[in-house]
Each structure stands twice: as C-alpha cells, then as structure tokens.
Amino acid sequence: MNGKTINLRRAALAALILILAGQACTISLLENPFGSTPSTPPTADVTASSTPYPVAQTTFIVTLPEPLQANESLILTVLDEVTGLSINATQYPMSPRDSLTYTATLPLPFNSVVKYRYVRRGAAAVPEDAGSGANIRYRMHYVAGPGEVQDIIADWGDRALNRPTGAILGQIFNADTGSPLPNILVTAGGVQSFTDSLGRFELPGLAVGTQQLVAYSPDGMYKPFQQGAVVGDGSTTIVDLRIKPAKLVNVTFMVSIPQDTVPGVPVRIAGNILQLGNTFADLQGGVSTVTDRMPILNLQADGRYAITLGLPAGAYIQYKYTLGDGFWNAEHKSNGEWVVRDLIVPEQDVILEDTVAAWLATNESGPILFETTIPSVTPPGDILYIQFNIFGWMEPIPMWPLGNNRWAYKLYGPLNFLGSFSYRYCRNGQCGSADDNQTAGAAPTGRQAATSLLGQDIQDTVSSWKWFENPEPVSLVGASITKRAAGFVAGIEYQPAYRPNFSFYAPQAFANTRAIGSNLAVLTPTWTYTSISPLRFAVVPGQDPLWIDSAIMISQARALGLNIAVFPTPHFPASADSTRTAAANFWLSAPRDAQWWQSWFTRYRAFAVNYADLANQTGANILILGGDWVGPALPGGALSDGSPSNVPADAEAQWKAIIQDVRSRFKGQVFWAMPYTKSNVETPVNFLLDVDGIYLLWSIPLSTSQSATKTDYANEAGRLLDNEVAPLASLLGKPVILAVSYPSAAGAASGCVPNGAGGCLDFAELSRPNPDNTAASLNLQTQADIYEAMLTAVNARSWVSGFVSRGYFMPVALQDKSTSVHSKPAADILWYWYPRMLGTVQ
C-alpha cells in the first residue's frame, strides 16, 4: 500500500470522527434521551483527568528589537485556545538579563504543546507582531523535556521597525512512508502556515537569527516536531521535516454534571484539536472553537454523560465540558475560575472520569432561561441559534428544541458582570444573514437583557425572518423536455464564501441538491491573497476551508450519489474602492513586473496542484481551473480599465505547463472556466485544446427591456448560443457546460443591477454574508423566469453538455437578492427540469 493511500485513509478516519462527533442534537427536553437500553462504555483503564502530569522546567529567553522604556515591562502570555486566545490568558512577568534580553522559567507538562506570545506593557498592553507587520496569533513550543526556548521579537504592534528579515521554506513528509503531508500547521517566530498537498509551507518576514520551527498536526494524527532554523538577512532557509504518525486509541470521556442542569440538554466537549471544535481561526469575539464542530456526549442511565472517541496516542489535549462553546456555558471551578483540563493521550484505551463542579461562574448572577417562539414558515430542518454581545458579537450558540416552533436556552455563564448585554436570534448559525427581522444585519443593537441575582425567564417571539418573511412559491408551467444524452450534467455550484460552521450544514445542502434532481455538486474551496506585493497566497483558517474540511464535504456529497467537481477559487484583499470588484482592484494594485508575474504563476500552480491532489484522493470527477478573475494572466491579458496587464510573453507556455502538471496528478476530467464574452468565444486561447471541456460562466444580458418576457429571454439566449458559443464548441471539439448566475434582483436580465450611484453592482456583492445593498430591489420572479428561459434554450440545443446553477448558499435557505437559488422559486424550476432532462422523471 503506498504512502498516499495510507494518508488518505488516515484523513478519512479523522473526517469520520469529525462527522460523527458533530451531529446535531434534536432531542426533546421532555423525553427520555437514553431509552431502555443505555450504552455501556468499553472496558479500559480508568483515570481521573484531574491527575497532574509531571512538569518540565522550561526557560524562555527572548531578544527584543529595542530596549524597553523606563515605565515598561515584558510579559510572557500563555494562551488558552479552548476558551479564547484573548479571554483566559495566563501572564508571566519576565526578568531582564540585559537591556535586550529577558527570561522567565515556567513549569510546563511533559509532552504538552504550549501556545504563547509576548506583550510589552506600559501605558497600554502592546502585543508583538511579525516582521511583515502581520499579527501574531501565537508561537508554539513542544515540551519534550526541561530546556530553553530562544525567541526573537521582530516588531511591536504600535511600531514599524525596519530590521532585517528572511524566510523559511520547506516541505513536511510522513516519516514512515515518505509521502508529503497536507494540513500541517507550521510556525516560527509567530508566523504560521498550513502545508499544501505537497507538504510545502512558507514562513516569510522572520527576524534574522535562530528561530524555533514547530510542525503541529491540528488533529493530532502526527507527533509534534521542532528544531532550530537559522534565518539569514534577505535569504530563504530551506528545510525538510519528517514527522511520525500516531496510532489511535479509544478514549472514553465520562462526566458527572451539576444537578441544576436542564435535563436532557446536549453536553459537548470543547478542545484544542479539530475533532473537539477548534478551528485554528480568529472567530467572532476572540474565540476559536465552534459549537457545531464539537462532539456531543450521550446521556447514560445513571445520569452521567459519556462518549468514546478515537484519539491519537501521545497527543496533548486541552478540553472542557460545555453546554455552549468554549466561552458560553462552559464549566467552571466551584470558585468561578475557568476550567481547562489537560490530557496526554496514553498508548492504550482509557476511560476518563470527570466531574463538572459548576456551570455558573458566580453566585451573584442567576441563570437566564430564554424561551423563544419562531414563525411557522421556518423550514422544519432549521436550528435556532442565540448570539450574545458583551464586548462584541460572539459566535452563535444552538438552542434546544421544544417542538411546535418553540426553542429554549438556559444561560448559566459567564454572567460575572453587572449590567445589561445584547442578544439576538438567527437561523442555522448565520447571524448577520438569516436574522430575526428585529435585529437584522451585521451590527444591530440587539435585544436587551440584564444580569440579576435571581434566575430569570425571558420569553421572546420572533415575528419574522429577514429574507424569509413569507416564502414565495412558484407556478410551474409544463414543458416538453427532451431527455439528454448520457453524460449530461445538471448541477449546483456552491458559493465560495466560507465559515467554519458551514460544513455542519453541508450534508443538508447536498441532500437538497440531490432532491432537485442534480447529478453534480461543484465545490469552490478557496485560498486567500493576503498580500499583493510581496505576493502571499495560502489558506487562511476561518475564511478558507482546511484540506480536511474540503475532504469531508466531498465525502458527504459522494455518499448521496452526487458526482463532484472541484473549482478552486481565490479570495482577494478587501478594497475601499467599491466601483470595481475585489479581483479587479487586486490586478490594478499589483506591480505586474517580471518578478511578480513569476511569483504569481508559481503560486497559482501550487494552488491548482493542491486541489488536483485533493480531487484525485477524494474521488472527484472534474477539476475546474480558471475563472472570471484570471483574464489579466491570460495571453494578451488586459485589466478592467482596458490597459494591458503586462503578462509575460510565455503565458501560453505557463498555462500549458500548469495543465500538464495537473493532469499528471488528477485522473478525472479537467475543465476550463471562462466568462462568456464575445472576445473569449471568438478568439479562444490555444491552451483550451489541452483541457477536456469548457465551463462557460454565463451571466450576460438577455434583454434591456423592462417588459421583456421569458420567451424574449429564451430567444436571446438561443441566438447567443447558436451564433457565438456553438462555433467555439465546434472549433475546440470540447463539451460546453453552461454555468448560470443571475441574482433575484431587479435588473438581473439586463446584466445591470443598479448600485445607486449610476453604475451596476457586481452580482457577487449581493451574496451572503455580505451586508445588504439597499440600492438593489428584490425580485424572485425575475430569477425564476431567467432560469426557465435558459433551460428552454438549452433544451433545444443537444450540443450543450450541461447546465449548472452558480452561487448556492449552503448553510441556510434565504429568499434574498443573491444568485443563490436555495429555496427560491428558481429552485422549483430546476426541480421540474433537471429530472426530466436526465430522464429520471418522464
């Protein structure tokens, strides 16, 4: 068995753990949740998790970029990623050896992985940042035994010091098989990077000197590795690392909870690894864990809760029990302090017996019970969430179902503050998109509550949902639909916006996709351009899915019988210029000299190869390259203002080499995505001969008349297909799939949704979770009419090989202005047409 197959099986096992652990809890609070045959944990060694581990005296020695002022001190801050990096940190004062060198010695558990950073304290607390100016989430240290940690601070958050920097570039391999490892977190000097499919990582902007390099597996499946790496001024240090896989053992968590806990509510485990809800991202309110990704324990006959998880032997686990997330409704000590438990997973199966002392953080504030009635039009599979705001809106928490459109949630803590706080309700965790109309938007005031010595019962009613006030049905008109030839594609493409809780709702989105008759799911995983010059393009946790997240979603879709296309898509830096798309601003802001272009092609190649490997290892059918944003990088490329992009003369050869590289790694079909424009279809680039088909991005005007009918739309679409697209298909001898994107907004058929300033909106601006643009007017029927017209045009042209609806919003049904068809009349049109085109319905 080769190394890649072993790695894929390990990834699949981790994916299965994540899927099973995070299933939604929909038990009634009034029913017996364990039934007549409660589960019995397996026999294993029993360990009380409060047993302390041996510690190693670890001395941290740090070099400053400049001496501190007389009123300043240096603090070593050890961080808690389970509760929140900025919430439960432990601070250790450091002592000076000289004006630039400070030390502190800490007792740390053997085999633990400590996350920390340095803070300069004077009139205010100022955290360190990287030489590139980027924020430092944390540094890492693997405590293999007593020793010293040598660190160098590059810069401070309130200053811009110009000091020499270098970079570390490397690859990580499985020590047993030699195969490269994706999804490994690598850090040095506080700079972090996740490895791609070839195990590659890059850590730029490091202070010159010896940096501690740490490789860490977010799921614990590989043992931590660390070594010193010398960074030179303006140079790149090349390293190859080999890390050892860990075996899985069964760990049973058995916990007794306080008697005042509401009977039958879900008890979860929040922890510092992926399997326990850690996203390794900076989420709302400074937390990193997400409730939807945490495992739910099972209520036992004796009143305790238990779950058995397969966890990697030797992994350092920090965890806590919770009725919410790592912050809200998490366990506390009897004196109100936070609880974070430590576990070094042993080499054999083990049962941990724990006791939650209290959910309340203080006796000075009683718990608050929220009881909520929601509209009857709420989709039956939706989950109601509550979101709290004390020092900013935090991650929403799923409430507990009571039945008959009633939900409840009892907030125990932390309520150790005086005064009022805000809260609001939303559907499926999409606060800011699927809101209670009373508190809609990204930054509402919210409903108000206040702490009290006595417990409270707050009863609310959600009168209506934003974008789902009164769901509009559609009147379907029968049509004579021709069954298409074998291989015809009827698909749904999901929008590239991503949040860590999206993946929890992916199975339902795939089920909906299957229910409307689709045979293809098009996933759009992303990397993010975090810097234009120097060019930085990589995964950003929290807004880009990690490798394992994409692998899980592909597995879920395939399990429902869907074919899979992977369409890698970038995120671009935000821009203050709203007159252009983010992609257009990216290209206009880039230097676009020879060196920059070489860097761009190198990084796009890595991007394409990464997802070619993902597609190949997960059994995807199609890989889609290109997109509507790559025009400036094509031969003869131009910018959005019409000026030349200065693309290299060898651009054609670069693209051909990328396609060849992708083909050597992916055995399925490779399609090229390009927007429909007259120049694209009349003068196609030569390398299109090297791909298997064209994924034609179609959102062009179908009529400028406000009185135009569906027949007018269909006639115009047919004319364009016959006169411009058919010759392209014939010239290339390739299948063409129409990938259609029209918003449910007035002006969609004309190709111009007014932006209120005399121009037109980019259709993507109307997508959630972007804020609503009030200049656009909602028109669900227009979108449905366009879809029916486009399908009518395709129905009459047997040479069109497929039809895909773009922009589907995965986590929740919204009848908004976006291009998503999720639960809109346009989805009913697809439900009627897709099965008949595929011949599954006569």
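Each remark here, short or long, concerns the structure printed above.
Summarised in this report is the structure supplied together with it. Here the structure is a predicted model, which is why all the values come from computation and not from measurement.

1. Looking at the sheet that holds strand S24 (residues 341-344)
Taken together, 3 strands build an open sheet; the order of strands is S20-S23-S24 and the sheet is antiparallel. For this open sheet the edge positions go to strand S20 (268-271) and S24, each flanked by a neighbour on one side alone. Each adjacent strand pair in this sheet contributes to an overall mean axis angle of 40°, direction not counted.

2. Regarding the state of the cysteines
The final tally for this structure, using the stated rule, is 2 disulfides. One disulfide in the model links Cys426 with Cys431; its S-S distance is 2.0 Å. The chirality of the disulfide connecting Cys426 with Cys431 is left-handed, given an S-S dihedral of about -70°. There is no split in this pair, since Cys426 and Cys431 are both buried. Cysteine pairing for the protein chain (bonded cysteines numbered in sequence order): 1-2, 3-4.

3. Quick word on empty space enclosed by the protein
Inspection of every chain in the model, using the stated rule, returns 6 cavities of 30 Å³ or more. Quantified by volume, the second largest cavity comes out at close to 170 Å³. Lining the second largest cavity are 17 residues, with Gln495, Ala497, Tyr498, Met553 and Met810 positioned closest to its centre. In terms of residue class, the lining of the second largest cavity is made up of 13 nonpolar, 4 polar and no charged.

4. Details of the nonpolar core
The nonpolar side chains of a soluble globular protein tend to be buried, and buried together. Counting 114 residues, the largest nonpolar core has Trp600, Trp655, Trp672, Trp698, Leu738 and Phe803 as the members making the most contacts within it. Sorting elements by how many residues they give to this core places helix H5 (residues 594-618) first, with 11 residues. One finds Val113, Leu360, Phe370 and Leu411 within the second-largest nonpolar core, a separate group that totals 85 residues.

5. Here we look at the side chain of Arg117
As for its placement among the helices and strands, Arg117 is situated in strand S7 (residues 113-121). Among buried charged residues, Arg117 stands out as having no salt bridge; its nearest opposite-charge side chain is Asp282, 6.5 Å away. Within the structure, Arg117 has its side chain in polar contact with the backbone oxygen of Arg137 (distance 2.8 Å). For Arg117, the contacting residues outside a window of four places in its chain are Ile75, Leu76, Thr77, Leu79, Leu85, Glu128, Ile136 and Arg137.

6. Quick notes on unusual backbone geometry
If a residue is not glycine, its phi is most likely negative; likewise, a peptide bond is most likely trans. With an omega of 0°, the peptide bond between Gly413 and Pro414 qualifies as cis. At the junction of Arg768 and Pro769, the peptide bond is cis and its omega measures out at 5° in the coordinates. Residue Arg592 is not a glycine yet carries a positive backbone phi of 55°. For Arg592, the position within the fold is in the loop between helix H4 (582-589) and H5.

7. Details of the sheet that holds strand S44 (residues 800-808)
Read once around its circumference, the closed barrel built from 8 strands follows the order S34-S35-S38-S40-S41-S42-S43-S44, with strand pairing classed as parallel. Recorded for the sheet is a direction-independent mean angle of 25° between the axes of neighbouring strands. Against the sheet, helix H8 (residues 710-732) engages strand S41 (669-675), strand S42 (693-698) and strand S43 (736-740), with an angle of about 155° to S42.

8. Overview of the pattern of salt bridges
Per the counting criterion, the structure on display carries 38 salt bridges. The salt bridge partner of Arg159 is Glu66, with a shortest N-O separation of 2.1 Å. Separated by 93 residues along the polypeptide, Arg159 in the loop between strand S11 (155-156) and strand S12 (165-174) and Glu66 in the loop between strand S2 (55-63) and strand S3 (73-78) bring together distant segments of the chain. One salt bridge in this structure joins Arg663 and Asp692, with 3.0 Å as the shortest N-O distance. Placement of the pair is Arg663 in helix H6 (residues 651-665) and Asp692 in the loop between helix H7 (678-682) and S42, with a sequence separation of 29 residues. Look at Arg663 and you get partly exposed, because its relative accessible area is 28%.

9. Some words on the side chain of Gln212
By secondary structure assignment, the location of Gln212 is in strand S16 (residues 209-216). Judged by relative accessible area, which is 14%, Gln212 ranks as buried. For Gln212, the side chain forms a polar contact with the main-chain oxygen of Met140, separated by 3.2 Å.

10. Observations concerning H6
The end-to-end C-alpha separation of H6 is 22 Å, in line with the 21 Å expected for 15 residues at 1.5 Å each. Buried residues along H6 sit against H5, strand S40 (622-626) and S41.

11. Quick notes on the environment of Val489
With respect to the helices, strands and loops of the structure, Val489 is situated in strand S34 (residues 489-494). Residue Val489 is classed as buried on the basis of its relative accessible area of 11%. Separated by 345 residues in the primary sequence, Val489 and Tyr834 place their C-alpha atoms 9.2 Å from one another. Discounting residues that sit within four places of it in the chain, Val489 has contacts with Asn519, Leu520, Ile737, Ser801, Gly802, Phe803 and Val804.

Cut-offs and rules
Residues numbered from 1 in each chain as written. Predicted model: local features only at pLDDT ≥ 70, side-chain atom pairs only at ≥ 80, totals over all residues. Heavy atoms only, no water. Pairing = 2+ DSSP bridges. Helix = DSSP H or I, 4+ residues; strand = E, 2+ residues; numbered from the N terminus. Axes fitted to C-alpha atoms, helices over the stretch in contact; angles between N-to-C directions. Disulfide = S-S within 2.5 Å. Buried < 20%, exposed > 50% of the residue type's maximum accessible area, 1.4 Å probe, protein only. 1 Å grid on protein atoms, 1.4 Å probe; cavity = no way out; pocket = protein on both sides within 12 Å on 5 of 7 lines; lining within 4 Å. Points joined across faces, edges and corners; volume = space filled by probe spheres on them. Nonpolar A, V, L, I, M, F, W, Y, C, P; charged D, E, K, R; others polar. Core = buried A, V, L, I, M, F, W, Y, C linked by side-chain atoms within 4.5 Å. Lys, Arg positive; Asp, Glu negative; His and termini not counted. Salt bridge = Lys/Arg side-chain N within 4 Å of Asp/Glu carboxyl O. Polar contact = N/O pair within 3.5 Å; in protein donor to acceptor, adjacent residues only side chain to side chain. Contact = heavy atoms within 4.5 Å. Expected span 1.5 Å × (residues − 1).

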